[in-house]
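Chain by chain, the residues:
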Amino acid sequence: MKKILFASTALVATAGVAAAEVTISGYAEMGIYNPGETTDQANDEAQFFTDIDLTFTMSGEADNGLVFGANIDLDEADNPFSDPWDQGGEALFVSYGGATLTMGDTDSAYDKIVPEMNLGGAGSLADDETIHAGFNDGAEFDGGVNGSDGQIARFDYAYDAFTFSVSAEQIADGSKPEDVGRADSGETLWSAGVGYSAELSGVDLSAGLGYLKLDEWAEVWGLGVTAGFAGGFEVGATYSDIDGEDGFVSDGEHWGLGFGYSMNAFSVGLNYGKYDFDDAGEQEGYGLAANYDLGGGLVAQFGYGYSEFTDGSDDDTWSLGLAMSF
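This is a predicted model, so every value here is computed, not measured.

> Please explain empty space enclosed by the protein as it appears in this structure.
Empty space among the atoms can be located by rolling a probe the size of a water molecule over them. In total, this model carries four cavities of 30 Å³ or more according to the counting rule given. Its boundaries defined by the atoms lining it, the largest cavity holds a volume of some 80 Å³. In terms of lining, the largest cavity is formed by 12 residues, of which the most central are Tyr110, Val114, Pro115, Asn136 and Thr238. The biggest single contributor to the lining of the largest cavity is strand 12 (residues 233-244), with three residues. In terms of residue class, the lining of the largest cavity is built from four nonpolar, five polar and three charged. In this structure, the second largest cavity is lined by Glu116, Met117, His132, Gly134, Phe135, Asn136, Thr238, His254, Gly256, Asn271, Tyr272 and Gly273.

What follows is the structure, encoded as structure tokens:
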């Protein structure tokens, strides 16, 4: 999901001392890409790529200082207005001081806190740098485990340089998963994390420790650290330990490295990751993204991803084109 959004339109309504604001932002992409042989695409030939994303963001403040808001990504919407139990690209929050409660299409505490290794601020049309077999973004547990729809409730508290987060995700909307045709597991995916971010001796340091657990499925611990240096350089490393239960997820570990560099209009990011499963073997991969900012919200993007799988096969993907922010 694209996270770079630029407001193009703002509508402000005022009633007494309370005010509400609605902004509309857009993101579009055009170019060519090759999805590789292991995707769900009908073919693995180079083909046209077009995508457009429209997000509405609403915010307001109550008389007592409570801040509230919501956003909906229409590119990911799936019956968001008619089925409140069916998550469809929307997220809502209330916040006071350093405390915030967010519900809907949002990250788990683990995914929010533990840094990912796609550094340097560069991206690609088809996210090639983050879809290779060695990249770890928590997606195999956060929002997709056991057929879950990604409906998450997360509480964050920020104090000084620290952020504390806890979250819960209902696997089957409060029912037992096996009663609705899903694999037998716990009913709630729990997650917690603590992050630290500060400037130390001219280095922008971020670190996060995260935890995930779903009974009868898996338990995961993860740690990530990134450091930004003068001159536009950024480096990072991450490690996670996976303890599978009842054969649904294999025991194993993952580690990854990231490097980023930005200079004027140019930015590039390179990352490498590897899984080592006790029963299934190893899988690894690397990803590259390079961008050139043409100004005015227009960016030229190139992405490449290479994967080696546990069965010994390999695959790669690439994309090239223009990204537009509005």
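> Looking at this structure, how should I read the environment of Tyr306?
Among the secondary structure elements, Tyr306 is positioned in strand 16 (residues 298-308). Look at Tyr306 and you get buried, because its relative accessible area is 19%. Remark: the alpha-carbon pair of Tyr306 and Gly36, spanning 270 residues in sequence, is separated by 9.5 Å. Dropping the residues within four chain positions of it, Tyr306 is found in contact with His132, Glu284, Gly285, Tyr286, Asp314, Asp315 and Asp316. A polar side-chain atom of Tyr306 sits 3.1 Å from a polar atom in the side chain of Glu308. Polar contacts involving the side chain of Tyr306 include one to the side chain of Asp314, which spans 3.0 Å.

> What am I meant to see in the confidence of the model for the chain here?
Caution applies to low-pLDDT parts of the model: their predicted coordinates are not meant to be read in detail. On average, residues of the chain score 85 in pLDDT, and 80% of them reach the 70 mark or higher. Counted against residues more than four places away or in other chains, residues 1-17, with its pLDDT under 50, gives 40 contacts. Predicted confidence for residues 80-85 stays below pLDDT 50, and this span has eight contacts to residues more than four positions away or in other chains.

> Hey, could you run me through the packing of aromatic side chains in this one?
Geometry of an aromatic ring pair is reported as the spacing of the ring centres plus the angle between the planes. Following the criterion strictly, the structure yields 10 aromatic pairs and no others. A ring pair is formed by Phe233 and Phe259, whose centres lie 6.2 Å apart and whose planes are at 45°; its orientation type is tilted. Of this pair, Phe233 sits in strand 12 while Phe259 sits in strand 13 (residues 252-263), and the two are 26 residues apart along the sequence. The class of Phe233 is partly exposed, set by a relative accessible area of 39%. Ring geometry for Trp255 versus Tyr272: centroids 5.4 Å apart, planes at 55°, classification tilted. With a gap of 17 residues between them, Trp255 in strand 13 and Tyr272 in strand 14 (residues 266-277) connect regions that are remote in the sequence. Look at Trp255 and you get partly exposed, because its relative accessible area is 35%. Classification of Tyr272 as partly exposed rests on a relative accessible area of 27%.

Thresholds, definitions, all that
- Residues numbered from 1 in each chain as written.
- Predicted model: local features only at pLDDT ≥ 70, side-chain atom pairs only at ≥ 80, totals over all residues.
- Heavy atoms only, no water.
- 1 Å grid on protein atoms, 1.4 Å probe; cavity = no way out; pocket = protein on both sides within 12 Å on 5 of 7 lines; lining within 4 Å.
- Points joined across faces, edges and corners; volume = space filled by probe spheres on them.
- Helix = DSSP H or I, 4+ residues; strand = E, 2+ residues; numbered from the N terminus.
- Nonpolar A, V, L, I, M, F, W, Y, C, P; charged D, E, K, R; others polar.
- Buried < 20%, exposed > 50% of the residue type's maximum accessible area, 1.4 Å probe, protein only.
- Contact = heavy atoms within 4.5 Å.
- Polar contact = N/O pair within 3.5 Å; in protein donor to acceptor, adjacent residues only side chain to side chain.
- pLDDT = per-residue confidence, 0-100.
- Phe/Tyr/Trp six-rings, centres within 6.5 Å; stacked < 30°, edge-to-face > 60°.

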